[in-house]
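Each chain, letter by letter, is given below.
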Amino acid sequence: MKIYSCCGNDSIAKKYNCAVCGKSEFEEKEVSDDGTVYSFTKIHIAPAEFAHIAPYNVVLIDLDEANAKVTSRMEEDVAIGDKVTLDRIEDGAYIYKKAS
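Heads up: these notes are all about the structure in this document. (Residues numbered from 1 in each chain as written. Predicted model: local features only at pLDDT ≥ 70, side-chain atom pairs only at ≥ 80, totals over all residues. Heavy atoms only, no water.)

### Section: the overall build of the protein
So, point 1. A tally of helices and strands in the protein yields 0 helices and 8 strands.
So, point 2. The C-alpha extent of the protein, read off along each of the three principal axes, is 40 × 30 × 20 Å.
So, point 3. Within the protein, the proportion of its 100 residues that are buried is 31%.
So, point 4. Across the protein, every contact between residues at least 6 apart in sequence was considered, and the portion connecting residues at least 24 apart equals 38%. (Helix = DSSP H or I, 4+ residues; strand = E, 2+ residues; numbered from the N terminus. Buried < 20%, exposed > 50% of the residue type's maximum accessible area, 1.4 Å probe, protein only. Contact = heavy atoms within 4.5 Å.)

### Section: unusual backbone geometry
So, point 1. Here the residue pair Ala-54 and Pro-55 is connected by a cis peptide bond, since its omega of -5° sits within 30 degrees of zero.
So, point 2. Within the secondary structure layout, Pro-55 lies in the loop between β4 (35-43) and β5 (56-63).
So, point 3. One non-glycine residue, Cys-7, lies in the positive phi region at around 50°.
So, point 4. Following the sequence through the fold, Cys-7 ends up in the loop between β1 (2-6) and β2 (9-11).
So, point 5. Cys-7 sits in the partly exposed class, given a relative accessible area of 44%.

Written out as structure tokens, the structure reads:
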């Protein structure tokens, strides 16, 4: 996974300016897709465009090799603290699965 770093703050989204220091220079780094479930919520009644995949989990993943979190979707049940890895990117959404 590609991240962007400035003044010790990492982000998965490329930004124009750092939210902390205001600089516009970022270092691009490749980091592992692995992480830990930080928080999640299970969606039972989804918006019309996602109704066909409900129920699903919207999960906040704390990346192992970066000072960043990524919002993702998981189809399987999860718990806070579960180790996960990126399965695929689908229509711009990060889809994670439990690490084996």
